[in-house]
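# Analysis of the macromolecular model
Chain by chain, the residues run as shown.
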Amino acid sequence: MVTIKDIEIYSVSDLATARASPWASVSIIVRVVTGDGQVGYGEAVPTLRVNQVVRAIEEVRRFMIGKDPFRIEYLFREWYKHEFYISRSFEAVTAYSAVDIALHDLLGKYLSAPIYQFMGGLVNEKIKAYANGWYNDCVTPDDFARKAKEVVSMGFRAMKFDPFGPYFDQMDEEGLEEAVERVRAVKEAVGKYVDILIETHGRFNVNTAIKMVKAMEQFNPLFIEEPVHPDLNFEGLAKIKAVAPGVRIAVGERIISVEEALQLLERGLVDVLQPDITNALGFTGMGRIRALTETYGIELAPHNAFGPVQHAATLQFDASTYNLLIQESFYEFWPQWKRDIINNAIKLEDGYYRVPNRPGLGVDVNEKALTEMRFEGMEPFHEEEPVWVIKGTWKRYKQS
Ligand SMILES: O=C(O)[C@H](O)[C@@H](O)[C@H](O)[C@H](O)CO
Ligand SMILES: [Mg+2]
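Residues numbered from 1 in each chain as written. Chains lettered and ligands numbered in written order. Predicted model: local features only at pLDDT ≥ 70, side-chain atom pairs only at ≥ 80, totals over all residues. Heavy atoms only, no water.

## Observations concerning the domain arrangement of the protein
The condition that has to hold: For the purposes of this description, domain bounds are those given by an automatic or database domain assignment. Residue contacts are counted whenever heavy atoms from the two residues lie within 4.5 Å of one another. In short, buried area is how much 1.4 Å probe accessible area vanishes from two parts on joining, totalled over both. Definition used for salt bridges: Asp or Glu carboxyl oxygen within 4 Å of a side-chain nitrogen of Lys or Arg. Polar contacts, as counted here, are pairs of nitrogen or oxygen atoms within 3.5 Å of one another; within protein the pair requires one atom able to donate a hydrogen and one able to accept it, and residues that are adjacent in sequence qualify only if both atoms are side-chain atoms. Runs of E in the DSSP output that reach at least two residues are strands. Runs of H or I that reach at least four are helices, and both are numbered from the N terminus. Only Asp, Glu, Lys and Arg are considered charged, only Ala, Val, Leu, Ile, Met, Phe, Trp, Tyr, Cys and Pro nonpolar, and every remaining residue, Gly among them, polar.
Each assigned domain of the protein is listed here: domain 1 (4–116) and domain 2 (120–372). On a C-alpha basis, the centroid separation for the pair domain 1 and domain 2 is 23 Å. Every contact between the two is made by 47 residues of domain 1 and, on the other side, 43 residues of domain 2. Carbon and sulfur atoms supply 68% of the area buried between domain 1 and domain 2, which totals about 3,500 Å² over both sides. Put simply, domain 1 and domain 2 have two salt bridges between them. The partner of Glu367 in a salt bridge is Arg31, and the shortest N-O contact between them spans 2.7 Å. In this structure, the connection of domain 1 to domain 2 is made through 20 residue pairs in polar contact (both at pLDDT 80 or more). Looking at the side of domain 1 that touches domain 2, the elements with two or more residues in it are strand S1 (4–12), strand S2 (27–34), strand S3 (39–44), helix H2 (72–83) and helix H3 (90–111). Examining the composition of the side of domain 1 that touches domain 2, we find that eleven residues originate from one element, H3, more than from any other. Of the residues contributing to the side of domain 1 that touches domain 2, the split by class is 24 nonpolar, 14 polar and nine charged.

## Remarks on the side chain of Glu332
Heads up, the condition is: With a 1.4 Å probe rolled over the protein chains alone, any residue whose accessible area is under 20% of its type maximum counts as buried; one over 50% counts as exposed, and the rest are partly exposed. As used throughout, the charge tally considers Lys and Arg to be positive and Asp and Glu to be negative, leaving His and the chain termini uncounted.
Tracing the chain through its elements places Glu332 in the loop between strand S11 (327–329) and helix H11 (336–339). One buried charged residue, Glu332, remains without a salt bridge, the closest side chain of opposite sign being Arg339 at 7.2 Å. Within the structure, the side chain of Glu332 is placed 2.8 Å from the side chain of Ser329, a separation counted as a polar contact. When sequence neighbours within four positions are dropped, the list of residues in contact with Glu332 reads Met154, Phe156, Arg339, Leu348 and Tyr353.

Written as structure tokens, this is what we have:
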């Protein structure tokens, strides 16, 4: 019987350029090794919890050593029984998500099949992408327009950005004006056949979010993301739907279970759900969430922001997902060190990805890069700009 021999944990960064990364200066990669030498890779969420997540993965490792890696459903249920808090702990759920991804990578390698093959088979020959992470250091409308044109010249037919500068909870009229002018500049730069998606990062209280959504409706965004704080604020989302029923609202990057997805869907508050494979329990959790969203007729736009192993895993999921709307990608905007974590990137072709028909994740992890960029430490903290902001955008341009 094949058994799990070890789980190695690599937090990697090139801190020399890390702040150049539009997002996530550290990537947490897991490497699951079986007794007969096969390896499977997964990825966890970094942000301001790198050390805690590494410790949480070590807990999963204790449980997994000696287990049969292919009993994926059984292993989740057993760990759920022992862990006790996995549905309440972000560290616990991202730790397990990373290992679940690696178990699926291993299964694909043993079956000589891409993961999409046993997640329902190939549904999408190609996957439409939207760009994120492209607008670092953009402050004025012209900055955004200039970079948006570059994104289109790369082949993207959709792009997401957060136009709200340094505002949090509340936003004054000038701030709203700045945001509207940035969005207008991008819309005019890219034209009506390129979708714009408005990211809010869950930064506003309900009154501000209502004002913001009404102001953004004129641009017909593909969706507006996390308009209010993400704490399952059902009343807030309901008020926004009431004042702007024509605007599609997207949430979900921070949900950690199918039960949280249900709470959002059963109230009719979400038009697009954005689960993330690195914190929604890997392929096991994403499969459950996909089935649930289908019963509500809701489309998926999986969140995908941290690293290239997550990127490859998410595309494998997308390839077999019927109710897929569009796929987020930072990949083309990461610094080279992060792209170097895998050897054979999945190339963007005219705004779409074709998922490789190769075993497991379909990409080869660069093991040399993992060891050379191994990093003991935490995501850099910057008082003047939260880590979740695309670098250099937490600024205003109108002098009040
Ligand atoms: O939609 C997204 O991709 C996210 O909101 C990112 O922009 C965040 O910075 C990151 O996920 C924080 O962990
Ligand atoms: Mg987001």
